[in-house]
Amino acid sequence: MKMILWTVVGLLMGLVVIVEIGLRSRYGFGNPLLYTTDPEIGYLIAPNQRTRRNGNLIEINEYSMRSQGVTAVPEVKTLRVLMVGDSILNGGWWTDQSNTISNLIAQGLKQKIPREFTQAEVLNASANSWGPRNELAYLRKFGNFGAQIIILVINTDDLFAIAPYSVVVGRDRNYPDRKPGLALVEVYQRYLQKPAAIPELAKLQQEPGDRVGINLEAIKHIHEFAIAHQSRFLLIMTPLKRELGTPGPRDYEFKARERLQTFTNQENIPYIDVLPIFNHHPQPETLYHDHIHLNVQGNMLIRDILTAKIQELFVPVSSHLPWESSSANSYK
């Protein structure tokens, strides 16, 4: 009887080991990206990480960017583009490092780089659920890294983003601050265990006041930051999947979009609204990974749009500064 019992225990342990190895090697469980808090930014992806999730490579450098290591300033004749955004830009676990928007643009610029440069670098400073106030705080903390262009990537929801917070770090399963002992533990915590409520977050999400106006003010400060650091500035907004076609954005989103349009006109901010561009695509729904995030095809279309715009920003159309040019809102 004991022999049978030990045999069963041995088989179960062997099965656990096999499953554990499979979860780690195939899906990357047991090695999630870790997050860290910041008093101004709210939270960051912890620096200096490398992992694979669902077979996709994810690399985070010393400045919490989804990019390779970077110097404080670019080399001579290097075009450096600093992109700042949320999970749209970051790409998440569903996007391999090679297929992020930033990496695709870097590859595209190798063939279409403005003539005054010999090489291009595209940096990706982003994290899940960041809004304009998080992104402004990141720039104020780390600077512009000598970038000639700063591109802010937002989506429609970001117009309603709340103030930076850190209460999710180490408490929400999507923002772990330590690695689980086993891949099996992570699977249980992520897919089987009921998420614990975070009362402080629920309270923060009731932030009063004009959120759209507050976020437009943050975008204005990012624009001013770019000018103060001799960087050109470009704003691009991607739509939610349900905004495509008819009936289009909901009433409150339509009003927020109108405010953004008026704001960028008043501030002379180069702005690309991706919604009409996607609506001209024969099958725009095929550009999405889910209801908000883009897949590789969507990322490639954004690459084409931004690569063309980057080239345009370096064409001397007048004696005005690039952010004052009449072509500022050519993609509206």
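Residues numbered from 1 in each chain as written. Predicted model: local features only at pLDDT ≥ 70, side-chain atom pairs only at ≥ 80, totals over all residues. Heavy atoms only, no water.

So, the layout of surface pockets
- Roughly 1,200 Å³ of volume is contained in the largest pocket.
- Contributing to the lining of the largest pocket are 44 residues, with Ser87, Asn128, Ser129, Asn174 and Tyr175 lying nearest its centre.
- At the level of secondary structure, the elements contributing two or more residues to the lining of the largest pocket comprise helix H2 (87-90) and helix H5 (183-192).
- For the lining of the largest pocket, the residue count by class is 21 nonpolar, 14 polar and nine charged. (1 Å grid on protein atoms, 1.4 Å probe; cavity = no way out; pocket = protein on both sides within 12 Å on 5 of 7 lines; lining within 4 Å. Points joined across faces, edges and corners; volume = space filled by probe spheres on them. Helix = DSSP H or I, 4+ residues; strand = E, 2+ residues; numbered from the N terminus. Nonpolar A, V, L, I, M, F, W, Y, C, P; charged D, E, K, R; others polar.)

Points about the confidence of the model for the chain
- For the chain, per-residue confidence averages 92 on the pLDDT scale, and 95% of positions sit at 70 or higher.
- The model gives residues 317-332 a pLDDT under 50, and that stretch makes 35 contacts with residues more than four places away or in other chains. (pLDDT = per-residue confidence, 0-100. Contact = heavy atoms within 4.5 Å.)

Quick word on the sheet that holds strand E5 (residues 78-85)
- The strand order E6-E5-E7-E8-E9 describes an open sheet built from five strands, whose pairing is parallel. In this open sheet, the two strands that pair with only one neighbour each are strand E6 (119-126) and strand E9 (271-273). Geometrically, the sheet is characterised by an average inter-axis angle of 20° between neighbouring strands, direction not taken into account.
- Strand direction decides the pairing type here: E5 and strand E7 (residues 149-155), joined by five bridges, are parallel. By the bridge assignment for E7, valine 81 is matched with isoleucine 149.
- Contacts between helix H7 (residues 211-228) and the sheet are confined to E7 and strand E8 (232-238), with E8 contributing the most and set at about 150° to the helix. (Pairing = 2+ DSSP bridges. Axes fitted to C-alpha atoms, helices over the stretch in contact; angles between N-to-C directions.)

Quick word on the packing of helix H4 (residues 132-142) against H7
- Packing of H4 against H7 leaves a shortest axis separation of 8 Å and a crossing angle of 25°. Taken together, the axes of H4 and H7 lie roughly parallel to each other. The interaxial crossing formed by H4 with H7 has left-handed handedness. Facing Pro132, Arg133, Glu135, Leu136, Leu139 and Arg140 of H4, the residues of H7 in contact are Ile214, Asn215, Ala218, Ile219, His221, Ile222 and Phe225.
- In terms of residue class, the contact of H4 with H7 is built from eight nonpolar, two polar and three charged. (Parallel < 35°, antiparallel > 145°, perpendicular 65-115°, else oblique. Left-handed = near helix turned anticlockwise from the far one by under 90°.)

Considering helix H3 (residues 101-112)
- For H3, which comprises 12 residues, the first-to-last C-alpha distance of 16 Å matches the rise-based estimate of 16 Å (1.5 Å per residue) to within 8%.
- Those residues of H3 lying buried are Ile101, Ser102, Leu104, Ile105, Ala106, Gly108 and Leu109.
- Contact partners of the buried residues in H3: E5, H2, E6 and helix H10 (296-313). (Expected span 1.5 Å × (residues − 1). Buried < 20%, exposed > 50% of the residue type's maximum accessible area, 1.4 Å probe, protein only.)

Here's the deal with H5
- Three or more residues of H5 are buried, namely Ala183, Glu186 and Arg190. An end-on view of H5 places all buried positions within 60° of arc, on one side of the element.
- On its buried side, H5 packs onto helix H1 (2-27) and strand E3 (49-53). (Arc of directions from axis to C-beta.)

Here's the deal with a nonpolar patch on the surface
- Together, Ile4, Val8, Leu12, Leu15 and Val19 make up an exposed nonpolar region whose accessible area comes to about 440 Å².
- By the secondary structure assignment, isoleucine 4 is in helix H1.
- Note on isoleucine 4: relative accessible area 54%, which makes it exposed. (Patch = residues over 30% accessible without salt bridge, like charges linked within 9 Å, V, L, I, M, F, W, Y side chains within 5 Å. Areas by Shrake-Rupley, 256 points an atom, 1.4 Å probe, with all protein chains shown as cover. Salt bridge = Lys/Arg side-chain N within 4 Å of Asp/Glu carboxyl O.)

Quick notes on the environment of tyrosine 191
- By the element assignment, tyrosine 191 lies in helix H5.
- Each C-alpha atom, one on tyrosine 191 and one on arginine 173, is 9.7 Å from the other, the two residues being 18 residues apart in sequence.
- The residues touching tyrosine 191, leaving out its near neighbours within four places in the chain, are Phe29 and Arg173.

Overview of the environment of leucine 313
- Looking at where leucine 313 falls in the secondary structure, it is placed in helix H10.
- Assessed through its relative accessible area of 9%, leucine 313 is described here as buried.
- Taking the C-alpha atoms as reference points, leucine 313 and glutamine 148, separated by 165 residues in sequence, lie 10 Å from one another.

A short note on the pattern of salt bridges
- Evaluated as defined, the whole model comprises 15 salt bridges.
- Linking arginine 24 and glutamate 20 is a salt bridge whose minimum nitrogen-to-oxygen distance equals 2.8 Å. Here arginine 24 and its partner glutamate 20 are both found in helix H1, four residues apart, which amounts to about one turn of the helix.
- Among the ionic pairs, aspartate 177 bridges to arginine 178, the shortest N-O distance being 3.4 Å.

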